[in-house]
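The primary structure of each chain is shown beneath.
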Amino acid sequence: MPRGALYDLPDSLDSLYFLINNIWAKMNKNGSMALLQIPFFLKKEFLAWYKIVRSKNVSITYSIENTEDTDKDTYIAVCLVKKEDDPDNLPILD
């Protein structure tokens, strides 16, 4: 997703999960890949969710740079790969 598209989205974990899970649901289970951007100011929440997703053996990687948490123009690059034995829905952050 080009970063400009993120400017008008609400700063909401629920909205972000809804969008990512919808992308996940549309991916096929033959190793399809999604490349995503997570706003950097959600770093703490993303890292907590990342651990939950990894605990379900879902293939997820990310790239993060050291920068200021308040910079709304900085994003975490995320790669999700869907495999045959992956769940139909991604886990939520409790």
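Residues numbered from 1 in each chain as written. Predicted model: local features only at pLDDT ≥ 70, side-chain atom pairs only at ≥ 80, totals over all residues. Heavy atoms only, no water.

Buried residues dominate strand S3 (residues 75–82), accounting for seven of its eight residues. Note: strand S1 (residues 32–39) against S3, eight bridges, orientation antiparallel. Bridge pairing in S3 links Ala-34 to Leu-80. (Buried < 20%, exposed > 50% of the residue type's maximum accessible area, 1.4 Å probe, protein only. Helix = DSSP H or I, 4+ residues; strand = E, 2+ residues; numbered from the N terminus. Pairing = 2+ DSSP bridges.)

Attention now goes to the pattern of salt bridges. This structure, assessed with the given rule, holds two salt bridges. One salt bridge connects Lys-29 with Asp-88, and the closest N-O pair in it is separated by 3.3 Å. Of the two residues, Lys-29 sits in the loop between helix H1 (13–26) and S1 while Asp-88 sits in the segment after S3, which places them 59 residues apart along the sequence. Here Asp-88 falls in the exposed class, since its relative accessible area comes to 54%. Between Lys-83 and Asp-86 there is a salt bridge, with its nearest N and O atoms 3.5 Å apart. With relative accessibility at 30%, the residue Lys-83 sits in the partly exposed group. By relative accessible area, which is 4% here, Asp-86 ends up buried. (Salt bridge = Lys/Arg side-chain N within 4 Å of Asp/Glu carboxyl O.)

Time to look at the packing of aromatic side chains. According to the stated counting rule, one finds four aromatic pairs in the structure shown. Geometrically, the ring pair formed by Phe-46 and Trp-49 is tilted, given 6.3 Å between the ring centres and 50 degrees between the ring planes. With Phe-46 and Trp-49 both in helix H2 (residues 43–55) and three residues apart, the pair spans about one turn of that helix. We classify Phe-46 as buried; its relative accessible area is 4%. (Phe/Tyr/Trp six-rings, centres within 6.5 Å; stacked < 30°, edge-to-face > 60°.)

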